[in-house]
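So the chains spell out like this:
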Amino acid sequence: MAHRIGIIGGDGIGPEVVAEARKVIDAAGVAYEAVPFDLGGARYLRDGVVLRDEDVEAIRGLDAVLLGAVGTPDVPPGVIERGLLLRLRFDLDLYVNQRPFTAGPSALNDGVDMIVIRENTEGTYAGEGGFLRKGTPHEVATQGSVNTRMGVERVVRHAFDLARGRERRHLTLVHKTNVLTFAGDLWERTFAAVAAEYPDVATAYHHVDAACIYFVQDPGRYDVLVTDNLFGDILTDLGGAVSGGIGRAASGNLNPARTGPSLFEPVHGSAPDIAGTATADPRAAVLSAVMMLDFLGEATAADRIRAALAATDAVVGSTPAVGDAIAAAL
Ligand code: IPM
Ligand code: MN
């Protein structure tokens, strides 16, 4: 049966890069039913809809979702991010955010070949906090970080499973245990407990600030990394920058338990400043689609597209021209 794939082009360059990803999937001969959703900042500005319960339920019944980017500058911060993107991550329990990085032609450091596993449903993103006496000289704002044993353990376990299947079998925990002594302690103890079940995987621990140095100066020391939601957000923009541009950074928001669809999206945002100029690199979207095909069991098509991406790695051109080149290489 053909896969049923939700398509959320979104805002800005989102629809432009998703069109190229679909062009490439089509060229690879993958049969799927596209189920489009008109969602994002533009939709919100038009009729006030961010994401309805019925949209979530419709998406829940799909096999996967391919998302371009959402967000427009004229919508207040958080409305689309929390109401659409984070809501999908939370409601669909997409607890793993998997972000691979390999050195591209203009990488700052040739040694990059790593996968960051970012916890995707907890931490500061859980939204714990609030205001007291808002707008007065005595106002207080708190922003908590939620870390559960279950939530940490399942993402750490996913990272160990992934590391076990790779050649180097190496996993680094990234946190800030010297300052975040409660959350960091939970992460460290959980990591150690799970590590005991994976004696074949070598482990390391780095503070997140030190990891920033190594990302730039010596990324070759990393194979798989696992970290919390916010550290993972920041580190993966850096990962994109050092590996040759955020326009090549792909991600999968995964529900490894497969109780529902997983969602695949480029790490980059809607880039309103270049929207409509056809200058966005569609590779991050294409590679996100490759991750989706892998997850759907379409290994042959995924491998073929990966080879086409490698063969066209140096191609420079407009958004559709790069998509055409990848499709032609298939
Ligand atoms: C990302 C993005 C999102 C995040 C934003 C848009 C909420 O930056 O996917 O990395 O912070 O997770
Ligand atoms: Mn981000």
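What counts as what
Residues numbered from 1 in each chain as written. Chains lettered and ligands numbered in written order. Predicted model: local features only at pLDDT ≥ 70, side-chain atom pairs only at ≥ 80, totals over all residues. Heavy atoms only, no water. Near = heavy atom within 4 Å. Polar contact = N/O pair within 3.5 Å; in protein donor to acceptor, adjacent residues only side chain to side chain. Areas by Shrake-Rupley, 256 points an atom, 1.4 Å probe, with all protein chains shown as cover. Helix = DSSP H or I, 4+ residues; strand = E, 2+ residues; numbered from the N terminus. Nonpolar A, V, L, I, M, F, W, Y, C, P; charged D, E, K, R; others polar. Domains from an automatic or database assignment. Axes fitted to C-alpha atoms, helices over the stretch in contact; angles between N-to-C directions. Parallel < 35°, antiparallel > 145°, perpendicular 65-115°, else oblique. Left-handed = near helix turned anticlockwise from the far one by under 90°. Contact = heavy atoms within 4.5 Å.

Student: Can you help me understand the site of ligand 1 in this one?
Tutor: Around ligand 1, the neighbouring residues are E81, L85, R89, R99, R118, Y125 and D233. Between ligand 1 and R89 there is a distance of 2.7 Å, counted from an oxygen atom to a side-chain nitrogen or oxygen. With respect to ligand 1, the side chain of R118 contributes an N or O atom lying 2.8 Å from an oxygen atom. The fraction of the free accessible surface of ligand 1 (320 Å²) that becomes covered by protein chains is 77%. The element best represented in the shell around ligand 1 is helix α4 (residues 79-91), accounting for three residues. In terms of residue class, the shell around ligand 1 is made up of two nonpolar, no polar and five charged. Counting contributing residues, the shell around ligand 1 receives three or more from each of domain 1 (1-94 + 255-330) and domain 2 (98-248).

Student: What is the right way to look at the packing of helix α1 (residues 14-27) against helix α11 (residues 319-329) in this model?
Tutor: Axes are the key here: two packed helices are described by the angle between their axes and the distance separating the axes. Put simply, α1 and α11 touch, their axes get as near as 9 Å, and they point 15° apart. Classified by the angle between their axes, α1 and α11 sit roughly parallel to one another. Relative to α11, the crossing made by α1 is right-handed. When α1 is examined against α11, the residues E16, V17, E20, K23, V24 and A27 are found in contact with a partner set consisting of T319, P320, G323, D324, I326 and A327.

Note that all results are geometric; they support no functional claim without further evidence.
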